[in-house]
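Residue strings, one per chain:
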Amino acid sequence: MTAVPFRAEHVGSFLRPDSLLDAVRAHRAGRLDADGLRAAQDEAIRGIVAFQDGLGLPAVTDGEFRRRSWSAGVIDALDGFALREEGVLGFRSGSGSVGTAASPYAARRLERARPIVADDYRFLASLAPKGLPKVTIASPPVLHYFLGPRAFEAPAYADRNAYFADLVGIYRDEIADLAAAGCRYVQLDETALPCNCDMAAREGVAARGEDPDELTDAYVGLINAAIAERPAGMLVGLHMCRGNFKGAWMAEGGYEPIAERVFAGLDVDVLQLEYDTPRAGDFAPLRFLPPDKTAVLGLISTKTPVLEDAESVKRRIDEAARHAPLERLALGPQCGFSSAGGGAQPIDSDATRRKLELVLRIAGEVWGAA
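Below you will find a few notes about this structure.

Each value, and the rule that gives it
- Residues numbered from 1 in each chain as written.
- Predicted model: local features only at pLDDT ≥ 70, side-chain atom pairs only at ≥ 80, totals over all residues.
- Heavy atoms only, no water.
- Core = buried A, V, L, I, M, F, W, Y, C linked by side-chain atoms within 4.5 Å.
- Buried < 20%, exposed > 50% of the residue type's maximum accessible area, 1.4 Å probe, protein only.
- Contact = heavy atoms within 4.5 Å.
- Pairing = 2+ DSSP bridges.
- Helix = DSSP H or I, 4+ residues; strand = E, 2+ residues; numbered from the N terminus.
- Axes fitted to C-alpha atoms, helices over the stretch in contact; angles between N-to-C directions.
- Salt bridge = Lys/Arg side-chain N within 4 Å of Asp/Glu carboxyl O.

1. Looking at the nonpolar core
Inference 1: In this structure, Tyr163, Leu178, Met240 and Leu286 are the most contacted members of the largest nonpolar core, which totals 104 residues.
Inference 2: Once residues lying within four places of it in the same chain are set aside, the contact partners of Leu286 are Phe263, Leu273, Tyr275, Ala295, Leu297, Ala320, His323 and Ala324.
Inference 3: Judged by nonpolar contacts, the second largest core, of nine residues, contains Leu132, Leu235, Val270 and Ala330.

2. Examining the sheet that holds strand 10 (residues 270–274)
Inference 1: On the basis of which strands lie adjacent, the open sheet formed by six strands has the order 7-8-9-10-11-12 and parallel pairing. The two strands at the open ends of the sheet, each matched to only one other strand, are strand 7 (135–138) and strand 12 (329–333). Adjacent strand axes in the sheet meet at a mean angle of 25°, parallel and antiparallel pairs treated alike.
Inference 2: Here strand 11 (residues 294–300) pairs with strand 12 via five bridges, running parallel. Bridge pairing in strand 12 places Leu297 opposite Leu331.

3. Re the pattern of salt bridges
Inference 1: Taken as a whole and judged by the stated rule, the model has 30 salt bridges.
Inference 2: Salt-bridge contacts for Glu9 lead to Lys134; the nearest nitrogen and oxygen are separated by 3.2 Å. Of this pair, Glu9 sits in the segment before helix 1 (18–28) while Lys134 sits in the loop between strand 6 (132–133) and strand 7; the two residues are 125 residues apart in sequence, bridging distant segments of the chain. In terms of burial, Glu9 and Lys134 fall into one category: buried.
Inference 3: A salt bridge links Asp213 to Arg261; the nearest nitrogen and oxygen atoms lie 3.9 Å apart. Here the residue Asp213 occupies a position in helix 8 (residues 212–226), and Arg261 occupies one in helix 9 (residues 259–265), the gap between them amounting to 48 residues.

Next comes the structure, spelled out in structure tokens:
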């Protein structure tokens, strides 16, 4: 394990500027070639890196500006995936159901057609950001949980073990490429494990013939195997999210069903935990946080432009510190600012700035430094 060098963190995705959205639309319509699109992405990334450095964020990403959405980096880099319009959970909002996201499945044996984020990292690092360059990748359990036994076709994989073995190999190859490029911080974005805290989802998992607790154990093993060959000095974080699509969400329920297995069992350095609404439950599961991990409390919401009250956030940090030592805690937003990619988002660029400034200010006041 590697010591986490900061108290203020963010998840990584940012609002795409209009210039980038226009370039993407032009590329899809055939009016802009691949080189033109990449030039637009490069310019947008330079801008978002300057934004993060201007704020003084300890970790810096490329905003996920080269991908369609948070999980598309993996799906688009691997040959063999197709989509099913189904899943164990759908998106919900205050007004009820808003539909089910398509879920990837292995229609054929998976192959890494190109690096997932290693090339993206090289460009990010070439900009020499002041903060630690970080890459974000969908976690391997995301590629199984929502479809379960339908996450792969029998001609491609005889069973789950064979499917997981290929995923492990793919992620190990990616981490090796990242290490060779000098990457020191990899964040896995995980929706499967926190969604496996939802009672309705757990019932759905059981109905399709699986044991939700056995899945938790299997996913911990899958993640650990995927990162087992990372070099000393490479931070690995796991961001846990109950779904975030333009303010809509998928799951509810505290971490208690998975906390002991996941918090203690995962070989990661950072756990980024969604805690912005009561749907995430209380802080009691933090009692399972081991001394070699940092938990980033996602107390700042990216689902609303309303700015949180600083004193209320500090009181919640104090509450969390009753269950885990304050020195093992940090602060951040519960999710990225644009995990769904383009289109209308619940937060604009001004609100993004104010939220991150709040994270940095509170981190400085609580821990003495961001």
